[in-house]
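# Chains, contacts and geometry: an overview
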Amino acid sequence: MKKLIDRFSGLVNGVLTGFDRIVFKGFILPLMSAAEVMDFCRSRKILNKEYKSWIRAQTNRIVATANKYSNDHCGQPVTYISTWRIRKEKLAHERQQKKQISSGLIGVWSCQERASSYRAVYCAEKGFPQLQNYQTRCNHLYFYFDDPEYGFMNIRLQTWFPYHIQICLNGREWLRRGLERQGIDFLVHGNKFLYIADYQKAQQLLDQQLNTRFNDLLDEFSKRIFPGMEDILGSHYSYYWTLWQSEWATDLIFDTPASLSTIMESLVRHAHVTGTSSRVLRYLDRPVTKSGKPRANSMDSVVTRVTGFNDGIRLRHWVDKNSVKVYNEQNVLRVETTINNPGKFKVFRHKQGQDEKEPKQRLPMRKGVMDIPLRASVSQDVNNRFMEDLSTFQEKDPIRDLFNELTQHIIKNKRRFRGLDPVGKDRDLLLALGDHGFMITGLTNKMLREQLRETSFGRGRTEKQLSAKVSRHLRLLRVHGIIKKLPSQNRYQVTLKGKRLINALSALLAASTENLLKIAA
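Let me begin by describing the structure that accompanies this report. This one's a predicted model, so the numbers in the text were calculated from it and none came from an experiment. (Residues numbered from 1 in each chain as written. Predicted model: local features only at pLDDT ≥ 70, side-chain atom pairs only at ≥ 80, totals over all residues. Heavy atoms only, no water.)

The next thing to look at is the environment of L509. Position of L509 relative to the elements: it lies in helix α17 (residues 496–510). Along the sequence, L509 and V423 sit 86 residues apart, while their C-alpha atoms lie 8.6 Å from each other. Among residues more than four places away in sequence, those in contact with L509 are R427 and L431. (Helix = DSSP H or I, 4+ residues; strand = E, 2+ residues; numbered from the N terminus. Contact = heavy atoms within 4.5 Å.)

Written as structure tokens, this is what we have:
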């Protein structure tokens, strides 16, 4: 991220990194299987023949309570919507603007939508009806708030048993309320901040969001719109909360929209050209072979789309249900990672129920809210990898300037190091550094030997001789600033200077003489 910021340091006023849209879903785990629901019915003395009428009575009770809540808090009854295709968020914004609602409940809308529930079906084996899971359509309630602490948000409640719930927050709306409480001036457009008087304080407020006790917060929201839960189900039932979808955004806030729009087309073109399938897989932490290619048994599908977006351009890379995108709106350049399937990412954590004193293991990331800090870290890593590639775009400096610097010898600690020969004896080594597989994991002597064994650099040498030669050249590359050593390990990372050299060398070797003459002219 820092490299892209440095690239536009004269144009960028501030940077914000944190959650944008976050969608939580709540499930009552003891009611997630038909057998457990039958146990619940037995404990409440609900017979099979009474099951449906009991559910209908509870649904009517929930809707009546919601209607009273809506009348009491916004002066409007529950508004019925004829189809799920109508955007409830748009209706809420329109009402908020019309009624000039600055805080509190905006309104409650009702709509028939798909849901999962249970019904009694005759079982020939048992000789009497058994509950089975099935997909149905039922009434859902949408509560829209402009909360004094969390900003614009909504809660969706399934009114038919087993009462699934969805809560949608927005980290930027949350930040807006925080800036208001702190008395910090800002200018906002939708979920983009075009100006903030104190960017450092704003980033601190975003960072503090990760310290939230989300279980307690979400339980509080659920009780607000479903106060009859304890009477209907009993005091020992509660929701298990998952982060169903998250958007983690890094915003570069430019001085003017014009400053950003002049570079945006070139930036998106660069992202499209360099967004090969192997590279996109590495952005989103999918496994590839040592050569940087997708595995032969990989089922991952990479999809890239470039579209217009409001007044700007958007490029988005999809792998499975996760994506990373870049787009501009007004004077904001946003890079955003969306995670719908966290299990595709491996993180170091304890197993469920494991003693915290035991060592952590590399396991799939979970949807549970306990993994939110890990999800934030993984999302930022994806943004960083993508932004690092973006930082190498549109190099206008002549290649000779770059080559002239690197071909000069260097004196360090009274020792002379020769200059590099990018198109001669060092060509194979430099091209090997550009392997996509090194983007995340870095590179080692062994990894380079595998890449160089069949080239002129390594041909005819024993394993020991090649290892010694690679070690000498790693030191040479470090002195010239092409690679840097990672702390506490024998592993190296290609620097921004190294990426510029590799990109320039690759383009030079791939270009025809005719094209080079046109550029030189």
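Okay, the packing of helix α15 (residues 445–452) against helix α16 (residues 463–479) next. Two elements in contact, α15 and α16, have axes separated by 10 Å at closest approach and are oriented at 115°. Here α15 is positioned roughly perpendicular relative to α16, judged by the angle of their axes. Along this stretch, α15 crosses α16, giving a crossing that reads as right-handed. The segment α15 lies against α16, with N445, L448, R449 and L452 engaging E463, L466, S467, V470, S471 and L474. A per-class count over the contact of α15 with α16 returns five nonpolar, three polar and two charged. (Axes fitted to C-alpha atoms, helices over the stretch in contact; angles between N-to-C directions. Parallel < 35°, antiparallel > 145°, perpendicular 65-115°, else oblique. Left-handed = near helix turned anticlockwise from the far one by under 90°. Nonpolar A, V, L, I, M, F, W, Y, C, P; charged D, E, K, R; others polar.)

Turning next to helix α12 (residues 399–406). Considered for burial, the residues of α12 that qualify are L402, F403 and L406. Viewed end-on, α12 has its buried residues packed into an arc of 95°, placing them on one side of the element. Against α17 lie the buried residues of α12. (Buried < 20%, exposed > 50% of the residue type's maximum accessible area, 1.4 Å probe, protein only. Arc of directions from axis to C-beta.)

Another aspect to go through is empty space enclosed by the protein. Summary: where empty space remains is shown by rolling a probe the size of a single water molecule over the atoms. Considering all chains together, one arrives at one cavity of 30 Å³ or more under this definition. One number sums up the size of the largest cavity: a volume of about 60 Å³. If you trace the largest cavity, you find it lined by R61, I62, T65, A66, I225, F226, P227, G228 and I232. Broken down by element, the lining of the largest cavity gets its largest block of residues, four residues, from helix α3 (residues 48–74). (1 Å grid on protein atoms, 1.4 Å probe; cavity = no way out; pocket = protein on both sides within 12 Å on 5 of 7 lines; lining within 4 Å. Points joined across faces, edges and corners; volume = space filled by probe spheres on them.)

With 17 residues, α16 ought to run about 24 Å at 1.5 Å a step, and its terminal C-alpha atoms sit 25 Å apart, in line with that. Of all the positions in α16, only L466, K469, V470, H473, L474, L476, L477 and V479 are classed as buried. Buried residues belonging to α16 abut β16 (410–412), β17 (415–417), α13 (427–433), α15, β18 (483–485) and β19 (492–494). Positive phi shows up at G481, right after α16, with a value of about 75°. (Expected span 1.5 Å × (residues − 1).)

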